[in-house]
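Structure assessment
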Amino acid sequence: MSLKTFDPRLGVQFADAAEIRRKLAYLCRPVNKSPVLAADEGLWISDGTDVTKFLSSQVPYIREPMECLSRRIYEAVILMGPARSGKTKGLVEGWINYTVTQAPGDMLLIYSTKKKAESMSKKDLARCFAATEEINKLRTGRKSDDTLTFKHFLNGMNLSLDSATESSLSAETFRYAGCSDYDRADDGVGQEGSKFQLMLKRIQNAKSSGMAMAESSPGRIVRQPKSPAELGPHEAQPCGGIAQLYNQGDRRRFYWQCDDCGFWFLPDFETLHWEGKYSDPQDVAKSTYCQCPRCLHRIDEHQKQEKSLAARWFREGAVDSFGEEVTDEDKIRQSKWASFGFEGVVAAYQSWENLVYRYLTAQTLYEDSGDEDSLMSFYNIDVGRPYILQIEGKDIGVHELMEKAKGNPYLRGVVPVGGRFLIMSIDVQGGKSNARFVVQAQVFGEGLQRWVIDRFEILTTPHRNGDRINPAIYAEDWDLLIELVIKKTYPVADGSGRVMKPILTLCDSGGSASEKDGKKTSVTDFAYQFYNRLKAKGLSHLFRLVKGASNKDMDSLIKESYPDKRSKLAHGEIPLLMLHTSRLKNRVVASYSRDEFGSRYFHLPAWAEREWFDELTAEFIDEKGQWICPDKTRNESFDLCAYAEAGMHFLGGDDIHWESAPPWASEWQINPNVIDADLQPVFERKPKKRYNHSRGIFG
Ligand SMILES: [Zn+2]
């Protein structure tokens, strides 16, 4: 009997059990679609403005990694590949679609930061869930079940989004744990150990039905590269991050089959060829084509999609060195982790022309300036390969540098012939025991060749009977810099008696602080106060405070900012140069590593002591490409050279056309900073007449 009747005695309308059962039957309907099939049938993904249908035929290389996510014989799926390849859409949205609609279980998704997790949830996932009917049907519609970082579905599945922290990766149990953009955050989590190991721990209770996933483009530096002979045929260079996870798995690579010789080959960046006959990199890039490494058969870009559709993933050992398939399982690498790696050549949303253009411009930048940053991001992001650093400070030893310096017998304290402008750099040490200013004078010449012509320390002050200075305690000690550094001149090497004025002085604003009467003193405040005093004296145009910024905050070599919140003394009026320290230091190393005399050649000082060279080579590069100074090691000359490099770039030194150089970089005869012997150098700039304009109603 149907209960869908109104009982007048109780005043209740009964529901119909059969109807309820039918309405909710989809929740427990047996389903067996594979992840790719489920995605191809129902998944819609965000394309930045709207939603678009996910089609695995557009990104054929993503099919096998997606399918492996549902295979119980695997414990984890790892994917290392370039950006703009659709890997995140396949392995995150595609996986969520599969788990929510086909195999529900609690899922933890880790992003590089909490903010990133929230923004992915707000944009990409929100659009995807709303447009994908099968997922949408399973949403409860309750606000508490659909927050930014937590989603609950009708079939009982929970989805949590977070960043990798000790608390997010401890205690809770999940069936699935995935990490998107693995290399954009640290491998380790606090004191707990490796991020991926912690993820595996969280899904341990789910036994073989659990699954861990990590996908990323590589972002670590290879510090001890292996030779190709030492590497396995599919092995990535040893480094941390996603590449390390990839190497631990069964190392699958995406192979194309040559139409002509019929053998399988890896479409890696080296199979791309281009015509060198054009001068414009844009034209060169247009001529790009891919070549079978065995028979040199040419494949053009319009065939890319067709090649990828016919392509196959092979585990390490499944293709022999002749490009033929191996079926003997003993020769094929086995692992409980299915790991995949492919390169930018096959990426669906990256054209070859664009790939080669980016390579050529990055390579040119590196050759011109020694700046490896764009080359590194090209290999990591566009190609999808861990980057082997070209320069490494430790590679050139102190002895070698000192030998090299012997060939440069220029005098200390004299501007050598060819020197065009002079930059002073100051390192501030405010520590208790060893407070001092460390000063270096560096001259740049045509083609940005450089000489270090002086290095000294300011230790005592005549204003307190020759007492020891302390820039962190006595504001007035900073005033010593005016006469001793900013207004210091050096004779030029032609014996004419002319002197050169520094064009700019750069000074560290974050030097180590100290304590006075139990209170922390800040060097930064004193630095700002000093700048304000220079302004009053008309000298501020000759002086800039600098501060090292972390790599990820900087998209350019230097950036001028006006801090206003950080100090009550600054009020947004004090310019501060933010430095991309790692890139600047790479440039310094590249310049002193140059063997052949030419542009950017570093004329190392023969007059300098061994300590100067020790300091220059004190630091090493870590896996993320940051220069690290070991504890209790002095590195002043390296820092000071980096400041000078920053000052040169700030002045526009990198853009000088030397046939028509600006006056300040011209020959001594017409250089405004070179002063005749009988004249007194003038440094002060008269303050411009200022009018008190009304700022109007908006001011
Ligand atoms: Zn071939």
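As annotated in an unreviewed UniProt entry, the protein is DNA packaging protein from Vibrio coralliirubri.

As for the overall build of the protein
Across its full length, the protein holds 18 helices and 38 strands. For the protein, the C-alpha atoms occupy an extent of roughly 115 × 80 × 50 Å along the three principal directions. Counting only contacts in the protein whose residues sit at least 6 apart along the sequence, the fraction spanning at least 24 positions is 69%.

A word on the sheet that holds strand E38 (residues 674-675)
Strand order in the open sheet formed by 3 strands is E27-E28-E38, and the pairing between neighbours is antiparallel. The two strands at the open ends of the sheet, each matched to only one other strand, are strand E27 (490-491) and E38.

Comments concerning the UniProt feature "domain: Phage terminase large subunit GpA ATPase" (unreviewed entry) in the protein
The feature "domain: Phage terminase large subunit GpA ATPase" (unreviewed entry), as given by UniProt, occupies residues 52-313 in the numbering adopted here. This span, residues 52-313, is 27% helix and 21% strand, and a straight line between its end C-alpha atoms measures 27 Å.

Description of unusual backbone geometry
If you check the backbone angles, Leu 448 has positive phi at about 65 degrees while not being a glycine. The residue Leu 448 is located in the loop between strand E23 (436-445) and strand E24 (450-458) in this model. Positive phi outside glycine occurs at Lys 632, with the angle close to 55 degrees. Its place among the elements puts Lys 632 in the loop between strand E37 (627-628) and helix H18 (636-651). Note on Lys 632: 5 C-beta atoms within 10 Å, which makes it exposed.

Overview of the packing of helix H11 (residues 352-369) against helix H12 (residues 373-383)
Running from N to C, H11 and H12 point in directions that differ by 155 degrees, and their axes come no closer than 8 Å. Classified by the angle their axes make, H11 and H12 are roughly antiparallel. On the side of H11, the interface is formed by Leu 355, Arg 358, Tyr 359, Ala 362, Gln 363, Leu 365 and Tyr 366, while H12 contributes Ser 374, Leu 375, Phe 378 and Asp 382. Split by residue class, the contact of H11 with H12 holds 7 nonpolar, 2 polar and 2 charged.

A short note on the sheet that holds strand E32 (residues 543-549)
Spatially, 8 strands are ordered E33-E34-E32-E29-E22-E23-E24-E35 in an open sheet, and the strand pairing comes out mixed. The sheet is open, and its two borders are formed by strand E33 (558-561) and strand E35 (602-603), each paired with just one other strand. Both E33 and strand E34 (residues 576-580) contribute to a ladder of 4 bridges, which runs antiparallel. By the bridge assignment for E34, Glu 560 is matched with Leu 577. The strands touched by helix H15 (residues 523-537) within the sheet are strand E22 (419-429), strand E29 (502-508) and E32, with E32 carrying the most contacts at an inclination of about 155 degrees. Relative to E34, helix H16 (residues 581-593) is tilted by about 65 degrees, and along the sheet it contacts E24, E32, E34 and E35.

Things to note about the pairing of E34
For E34, the tally of buried residues reaches 5 of 5 residues, placing the bulk of the element in the interior. Judged by which residues are buried, E34 turns out to be covered on both faces: Leu 576, Met 578 and His 580 on one side and Leu 577 and Leu 579 on the other are all buried.

A few points about helix H2 (residues 35-42)
Turning to H2, its buried residues are Pro 35, Val 36, Ala 38 and Ala 39. Axial view of H2: buried residues confined to an arc of 165 degrees, hence all on one face.

Here's the deal with the environment of Ser 369
Relative to the helices and strands, Ser 369 resides in helix H11. Sequence separation between Ser 369 and Ser 321 is 48 residues; the distance between their C-alpha atoms is 39 Å. Every residue in contact with Ser 369, bar those within four places of it in the chain, is listed here: Arg 587, Arg 600 and Asp 654.

Here's the deal with the environment of Gln 197
Looking at where Gln 197 falls in the secondary structure, it is placed in helix H7 (residues 195-202). Along the backbone, Gln 197 and Ala 212 are 15 residues apart, and their C-alpha atoms lie at a distance of 9.7 Å.

So, the packing of H16 against H18
Contact geometry for H16 and H18: axes closest at 9 Å, N-to-C directions at 100 degrees. Relative to H18, H16 is oriented roughly perpendicular. Listed contacts from H18 to Thr 581, Leu 584, Lys 585, Arg 587 and Val 588 of H16 are Phe 638, Cys 641, Ala 642, Glu 645 and Ala 646. In terms of residue class, the contact of H16 with H18 is built from 6 nonpolar, 1 polar and 3 charged.

Quick notes on the environment of Ala 17
Looking at the element boundaries, Ala 17 is found in helix H1 (residues 17-24). A residue is classified by how many C-beta atoms lie within 10 Å of it, and Ala 17, with 11 of them, is exposed. Linking Ala 17 and Arg 587, residues 570 residues apart in sequence, is a C-alpha distance of 75 Å.

Quick look at the pairing of E29
Burial of E29 is extensive: 7 of the 7 residues sit out of reach of the surface. Bridge count between E22 and E29: 5 bridges; the pairing is parallel. Across the sheet, residue Ile 426 finds its bridge partner in E29, namely Cys 507.

What counts and what doesn't
Residues numbered from 1 in each chain as written. Predicted model: local features only at pLDDT ≥ 70, side-chain atom pairs only at ≥ 80, totals over all residues. Helix = DSSP H or I, 4+ residues; strand = E, 2+ residues; numbered from the N terminus. Contact = placed C-beta atoms within 7 Å. Pairing = 2+ DSSP bridges. UniProt positions renumbered as here; feature names shortened; annotations may be inferred. Buried ≥ 20, exposed ≤ 12 C-beta atoms within 10 Å, placed from the backbone. Axes fitted to C-alpha atoms, helices over the stretch in contact; angles between N-to-C directions. Parallel < 35°, antiparallel > 145°, perpendicular 65-115°, else oblique. Nonpolar A, V, L, I, M, F, W, Y, C, P; charged D, E, K, R; others polar. Arc of directions from axis to C-beta.

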